[in-house]
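# What the coordinates show
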Amino acid sequence: MDKRTRVLTAMNGGEVDHVPAAFWFHFAGAEAEGDGCVQAHLNYYKETDLDFVKIMCDGYFPFPVETEITCAADWAKLKALDADHPFVRGQVERAKAIVKEIGQDRCVFYNVFAPFSSLRFGADAIGIDDAALMKQVREDKNAVMKALDAIGQTNALLAELLITEAGCDGIYYCVQSGEYDRFTQEEYKAIVRPSDLYVLEHANRYSENNIMHMCGWAGNKNQLTLWKDYPAKVMNWAVYVEGVTLDEGRMLFGGKTCLGGFETHWDGHVQEGIIYNGTKEELQEYTRSLILNHGKKGLMLGGDCTIDAKIDWQRLKWIVEAARSL
């Protein structure tokens with residue numbers, strides 16, 4: 001099989017020659033924007049020979065808050081962005097350039113955040129920290145939900161254009177904010193879930209091959225059951241943060257294809273996980289064990305989340321080599 005066929009077959013639960021594998025990280029400095037970002041992605045994926053591409057949205061985390069926010073009620077003034085806004089257009093052009101150079105060989109997915117995450121990043125960019133934002137959510141949830149509607153419309157449009165114009169095979173949809181101490185299940189379902197599903201269901205209109213990432217960004221466990229019925233083809237969660245194995249996740253998510261298996265924790269100082277610290281023999285044995293224990297169907301190898309950009313790319317080649325030995 002070629003890489004595209006291998007990945008699409010794995011996503012749809014079919015028989016593959018080898019289990020596909022891919023990892024990604026955040027680019028910084030000149031590699032986080034413009035042509036430098038495009039070339040950095042191409043260099044990385046061509047050098048490592050990974051099976052598919054996940055394009056990072058570095059430089060586009062915060063939703064542009066183009067209205068003054070002085071109180072919770074002001075969030076209701078937030079407006080959706082159109083296709084020509086730099087926040088949308090810049091990401092579409094980035095993806096289009098990468099797909100043009102590598103999309104014939106490999107499936108390409110682009111990172112799109114759930115609206116509440118985009119709101120959090122946008123709020124932080126204008127000086128409203130996480131605690132203050134959560135206070136505003138509880139002061140005027142209807143105003144915040146109107147903001148989520150506007151962001152949802154924008155992120156849905158972005159997902160559509162990434163697929164229809166840029167040529168991505170789907171999106172890598174990142175949901176967050178499911179920590180046990182942030183929302184109750186009832187609050188999450190009432191306040192956050194509608195905008196989550198708006199974007200994901202819109203993306204599904206243009207591609208059936210979308211990946212959902214349940215992010216353990218803070219190192220805190222999430223209420224994974226919040227997302228178990230979300231309509232994505234592939235499910236990716238933080239196996240080591242959540243303490244939910246690939247097999248347990250396969251049961252939780254109704255037999256959908258699972259992406260993951262590798263601990264990727266790093267905080268700027270500490271790297272945790274065999275992907276960083278194992279010998280070649282240990283890392284390859286671990287990779288083969290993941291495949292043999294899970295089975296080759298319905299599995300894609302990857303990380304809990306992004307890996308440390310400082311990782312030696314040779315270590316990723318060892319994983320690919322082991323996966324293709326079975």
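Each residue is numbered by its place in its chain's sequence as written, counting from 1. Totals for whole chains, interfaces and linings use all residues, but because this is a predicted model, local features are given only for residues with pLDDT of at least 70 and pairs of side-chain atoms are given and counted only at 80 or more. To obtain the side-chain values, all non-hydrogen atoms of the structure were used and water was disregarded.

Let us look at the nonpolar core. With 110 residues, the main nonpolar core has Trp75, Met212 and Trp237 as its most contacted residues. Numbering of helices and strands runs from the N terminus; a helix is a DSSP stretch of H or I covering at least four residues, while a strand is a stretch of E covering at least two. The dominant element in this core, judged by the number of residues it contributes, is helix 6 (residues 141-164), at 10 residues. By nonpolar core we mean a set of buried residues, namely Ala, Val, Leu, Ile, Met, Phe, Trp, Tyr and Cys, connected to one another through side-chain atoms within 4.5 Å. Exposure categories follow from relative accessible area, calculated using a 1.4 Å probe and restricted to protein chains: below 20% of the type maximum is buried, above 50% is exposed, and the middle band is partly exposed.

Before going further, it helps to examine the pattern of salt bridges. Basic side-chain nitrogens of Lys or Arg form a salt bridge, by our definition, when they fall within 4 Å of a carboxyl oxygen of Asp or Glu. Scanning the model with the defined rule gives 19 salt bridges in all. Of the charged contacts, one joins arginine 6 and aspartate 17 as a salt bridge, the two residues approaching to 2.9 Å between their closest N and O atoms. Of this pair, arginine 6 sits in helix 1 (residues 3-11) while aspartate 17 is found in the loop between helix 1 and helix 2 (34-48), placing the two residues 11 residues apart along the sequence. Overall, arginine 6 belongs to the buried group, its relative accessible area being 6%. Using a relative accessible area of 23% as the deciding quantity, one classes aspartate 17 as partly exposed. Aspartate 130 is the salt-bridge partner of arginine 120, the closest N and O atoms lying 3.5 Å from each other. One end of the pair, arginine 120, is in helix 4 (residues 115-125); the other, aspartate 130, is in helix 5 (residues 130-139), and 10 residues separate them in sequence. What makes aspartate 130 partly exposed here is its relative accessible area of 33%. Salt bridges here are not isolated pairs; linked through shared partners, they connect Lys3, Arg6, Asp17, Asp49, Asp51 and Arg324.

With that settled, the discussion passes to helix 1. Burial in helix 1 covers these residues: Lys3, Arg6, Val7, Thr9, Ala10 and Met11. The contact rule is simple, with two residues in contact once any of their heavy atoms fall within 4.5 Å. On the buried face of helix 1, the contacting elements are strand 1 (52-55), strand 2 (107-113), strand 4 (211-214), strand 5 (234-237), strand 6 (257-262) and strand 7 (299-303). Between N or O atoms, a polar contact is any pair within 3.5 Å; within protein, one atom must be a potential hydrogen donor and the other a potential acceptor, and residues adjacent in sequence are included only when both atoms are from side chains. At the N-terminal end of helix 1, a side-chain oxygen is found 3.3 Å from the backbone nitrogen of arginine 4, two or three residues along, and the residue is aspartate 2. Looking one or two residues beyond helix 1, the residue adopting positive phi is glycine 13, at roughly 75°.

The next point concerns the sheet that holds strand 2. Here, a strand pair is defined by DSSP locating no fewer than two bridges between the strands. An order of 1-2-3-4-5-6-7 is seen for the 7 strands of this open sheet, with the pairing classed as parallel. Each edge of the open sheet is held by one strand with a lone partner, namely strand 1 and strand 7. Averaged over all pairs of adjacent strands, the angle between their axes in this sheet comes to 25°, without regard to strand direction. In this sheet, strand 4 lies alongside strand 3 (residues 170-175) in parallel orientation, the contact comprising 4 bridges. By the bridge assignment, tyrosine 172 is partnered in strand 4 with isoleucine 211. Lines fitted to C-alpha atoms define the axes, with helix axes restricted to the stretch in contact, and inter-axis angles between N-to-C directions lie between 0 and 180 degrees.

We now examine the layout of surface pockets. Buriedness of a pocket was judged along seven lines, with at least five required to meet protein on both sides within 12 Å; pockets are open sets of points on a 1 Å grid over the protein atoms alone, cavities are sets where a 1.4 Å probe fits but cannot get out, and lining residues have an atom within 4 Å of a point. Grid points are joined across faces, edges and corners, and a volume is the space filled by probe spheres set on the points. For the largest pocket, the calculated volume is near 570 Å³. Every residue lining the largest pocket is counted, 31 residues in all, and those nearest its centre are Cys215, Gly216, Trp217, Cys305 and Thr306. Elements that contribute at least two residues to the lining of the largest pocket include exactly strand 2, helix 4, strand 3 and helix 9 (239-242). Put simply, the second largest pocket is a space of about 150 Å³. Residue assignment for the lining of the second largest pocket shows that the elements contributing at least two residues are helix 9, helix 10 (246-252) and helix 12 (280-294). When residues in the lining of the second largest pocket are grouped by element, the largest group, 5 residues, is from helix 12. Each residue gets one of three labels, nonpolar for Ala, Val, Leu, Ile, Met, Phe, Trp, Tyr, Cys and Pro, charged for Asp, Glu, Lys and Arg, and polar for the others, Gly among them. Looking at the lining of the second largest pocket residue by residue, the class counts come to 5 nonpolar, 5 polar and 1 charged.

Turning our eyes to something else, we now look at the pairing of strand 4. Burial along strand 4 is two-sided: Ile211 and His213 facing one way and Met212 and Met214 facing the other are all buried. Pairing analysis gives 4 bridges linking strand 4 to strand 5, with the strands arranged parallel. Residue isoleucine 211 lies in a different strand from strand 5, and its bridge partner there is valine 234.

This part takes up the side chain of glutamine 136. Tracing the backbone through its elements, the reader meets glutamine 136 in helix 5. Take glutamine 136: its relative accessible area is 10%, and that puts it in the buried class. Every residue in contact with glutamine 136, bar those within four places of it in the chain, is listed here: Ile69, Cys71, Ala72, Trp75, Ile128 and Val144.

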